[in-house]
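Here is how the chains run, residue by residue.
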Amino acid sequence: MAEKGISKDLIGTKLDRYEFDVERGKIKEFCQAIGETNPIYFDVEAAKKAGFEDIPAPPTFPTVIQFWGYPKIWKDMENMGVDTSRILHLKEKYNYVKTLYPGRVSSQGECVNVTVGKMDTMTFKTTIKDAKGDTVIEAEMSIFIRKPEQ
Amino acid sequence: MSKIEFDKYEVGQELPPLKVDPVTHANLVRYAGASGDFNPIHNDPDFARKTGLDGTIAHGMFVMAQIGRLCTAWADQKQIREFGVTFKAMTKPGQKLTCSGKIKRKKEENGEKLLTVAVEAADESGEVKASGELVVVC
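Residues numbered from 1 in each chain as written. Chains lettered and ligands numbered in written order. Predicted model: local features only at pLDDT ≥ 70, side-chain atom pairs only at ≥ 80, totals over all residues. Heavy atoms only, no water.

1. Remarks on the sheet that holds strand S5 (residues 135-145) of chain A
Read from one edge to the other, the open sheet built from 10 strands follows the order S1(A)-S3(A)-S4(A)-S5(A)-S2(A)-S2(B)-S5(B)-S4(B)-S3(B)-S1(B), with strand pairing classed as antiparallel. Across the chains shown, the open sheet's two edge strands, defined by having one partner strand only, are strand S1 (18-22) of chain A together with strand S1 (18-19) of chain B. Sheet contacts for helix H3 (residues 62-69) of chain A: S1, strand S2 (87-96), strand S3 (103-115), strand S4 (120-129) and S5 of chain A; angle to S1(A), the most-contacted strand, approximately 125°. Relative to the sheet, helix H3 (residues 60-74) of chain B contacts S2 of chain A together with S1, strand S2 (80-87), strand S3 (98-109), strand S4 (112-122) and strand S5 (128-137) of chain B, its axis offset from that of S2(B) by approximately 145°. (Pairing = 2+ DSSP bridges. Helix = DSSP H or I, 4+ residues; strand = E, 2+ residues; numbered from the N terminus. Contact = heavy atoms within 4.5 Å. Axes fitted to C-alpha atoms, helices over the stretch in contact; angles between N-to-C directions.)

Structural data, given as structure tokens:
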């Protein structure tokens, strides 16, 4: 495998802005994949009865927006010097400003921190906005890159 | 899922735990498709071994999603303000996770009543795979 590496110069790098349609069917599929069974995620009427406007996206659904909405992330990371076969997820944090419902969202990620040395890590901050431009969710993801074995 | 009332909870009180079925390859393939995270370390054992792992590992976000189920089984999702975890260990197929939570802090801030819950997922040997915090607004 080619020699790769990241540097602190990447801090402030913005990824492309993109749009994604959050669909009820995608929410159901995601909920089935995680073993979720609460009817509010599958049935609009159940969701409305529970006080939601529509089927809500469950708490970790933003990951769907990030991967399905922006599959270019893998290539971007390779271009930044990340060996994507050696990344592991270190941290994920969500700040929920509004409930995420089906509809079009727009999103953009930015590299906000890099550490190099004993442990190489990168942190990306992503803001997800609704069609009106209001922030719905702020996500912060940190990854670390495993070093090749000695 | 019900509306969480601030006064009904004390620091140290525990959430009803969530027991998850053992993680299978099929779970991870399905999760890859649903989430869009097709990193082959999660679904291709040969590829995973080539990168120095001893087989495929679960997506961290699959584990976080299980903790998320614990949270939404307990609180009305509309009350959830923050949810974050740090991944501590890899989860492998065959392992059985239990998600748990304990009230860590109660505070009133800017007219809001906030409950912070320490949450985690651990396997049968007690190894913690991910731990973090949930903040609900009451």
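2. Details of the interface of chain A and chain B
Listed by partner, the interface residues are 40 residues for chain A and 36 residues for chain B. Both sides of the chain A and chain B interface together cover about 3200 Å² of buried area, and 58% of this is carbon and sulfur. Two residues, Lys93(A) and Glu82(B), come together in a salt bridge whose shortest N-O distance is 3.3 Å. For the pair chain A and chain B, the number of links is 18 residue pairs in polar contact (both at pLDDT 80 or more). At the level of secondary structure, the elements contributing two or more residues to the side of chain A that touches chain B comprise helix H1 (24-34), H3 and S2 of chain A. When residues of the side of chain A that touches chain B are assigned to their parent elements, the largest contribution, 10 residues, is made by S2(A). When the residues that make up the side of chain A that touches chain B are grouped by side-chain class, the tally is 20 nonpolar, 11 polar and 9 charged. Of the strand pairs in this sheet, S2(A) and S2(B) are connected by 5 bridges, and their pairing is antiparallel. Residue pairing across strands places Tyr94(A) opposite Phe83(B), the latter belonging to S2(B). (Buried area = accessible area lost by both parts, 1.4 Å probe. Salt bridge = Lys/Arg side-chain N within 4 Å of Asp/Glu carboxyl O. Polar contact = N/O pair within 3.5 Å; in protein donor to acceptor, adjacent residues only side chain to side chain. Nonpolar A, V, L, I, M, F, W, Y, C, P; charged D, E, K, R; others polar.)

3. What to know about the nonpolar core
Counting residues in each nonpolar core, the largest one holds 79 residues, and the members touching the most others are Met122(A), Ile67(B) and Trp74(B). Among the elements that take part in this core, H3(B) stands out by supplying 9 residues, more than any other. Counting 5 residues, the second largest nonpolar core, distinct from the first, contains Leu88(A), Ile41(B), Ala48(B) and Ile57(B). (Core = buried A, V, L, I, M, F, W, Y, C linked by side-chain atoms within 4.5 Å. Buried < 20%, exposed > 50% of the residue type's maximum accessible area, 1.4 Å probe, protein only.)

4. Let's talk about the UniProt feature "domain: FAS1-like dehydratase" (unreviewed entry) in chain A
The UniProt feature table records "domain: FAS1-like dehydratase" (unreviewed entry) at residues 10-138 of chain A. With 25% helix and 33% strand, the stretch residues 10-138 of chain A has end C-alpha atoms that lie 20 Å from each other. (UniProt positions renumbered as here; feature names shortened; annotations may be inferred.)

5. Side note on the packing of aromatic side chains
Using the criterion set out here, one finds 8 aromatic pairs over all chains in the structure. With a centroid separation of 6.0 Å and 40° between ring planes, the pair formed by Tyr94(A) and Tyr96(A) is classed as tilted. For Tyr94(A), a relative accessible area of 0% puts it in the buried group. Of the residues examined, Tyr96(A) reaches a relative accessible area of 10% and is grouped as buried. A centroid spacing of 5.6 Å and a plane angle of 80° characterise the contact between Tyr31(B) and Phe62(B), whose relative ring orientation is edge-to-face. Here Tyr31(B) is found in helix H1 (residues 25-35), whereas its partner Phe62(B) is found in helix H3, with 31 residues between them in sequence. For Tyr31(B), a relative accessible area of 1% translates into the label buried. Among the aromatic residues, those joined into a ring-pair cluster are Phe30(A), Phe61(A), Tyr31(B) and Phe62(B). The lysine or arginine in question, Lys78(B), covers the ring of Phe52(A), its NZ or CZ lying 3.8 Å from the ring centre. Cation over ring: Lys106(B) sits above Phe6(B), and NZ or CZ is 4.6 Å from the ring centre. (Phe/Tyr/Trp six-rings, centres within 6.5 Å; stacked < 30°, edge-to-face > 60°. Lys NZ or Arg CZ within 6 Å of the ring centre and 35° of its normal.)

6. Things to note about H1(A)
Residues and elements named next belong to chain A. When H1 is considered as a whole, its buried residues turn out to be Lys26, Ile27, Phe30, Cys31, Ala33 and Ile34. When H1 is viewed along its axis, its buried side chains cluster within an angular range of 160° and face the same direction. Glycine 35 lies just past H1 and shows a positive phi near 85°. (Arc of directions from axis to C-beta.)

7. What to know about the pattern of salt bridges
The tally for this structure, following the rule as stated, stands at 22 salt bridges over all chains. Residue Glu5(B) pairs with Lys8(B) through a salt bridge whose shortest N-O separation is 3.7 Å. Take Lys8(B): its relative accessible area is 56%, and that puts it in the exposed class. One network of salt bridges, with partners in common, ties together Asp16(A), Lys72(A) and Asp76(A).

8. Concerning the UniProt feature "domain: MaoC-like" (unreviewed entry) in chain B
The UniProt record annotates "domain: MaoC-like" (unreviewed entry) at residues 12-122 of chain B. The straight-line gap between the two end C-alpha atoms of residues 12-122 of chain B is 19 Å; of that span, 29% is helix and 30% is strand.

9. Brief notes about the environment of Lys113(B)
All names here are of chain B. For lysine 113, the position within the fold is in strand S4. Residue classification places lysine 113 among the partly exposed residues on the basis of a relative accessible area of 29%. When near neighbours in sequence (up to four residues on either side) are disregarded, lysine 113 contacts Phe6, Asp7, Lys107, Glu108, Val136, Val137 and Cys138.

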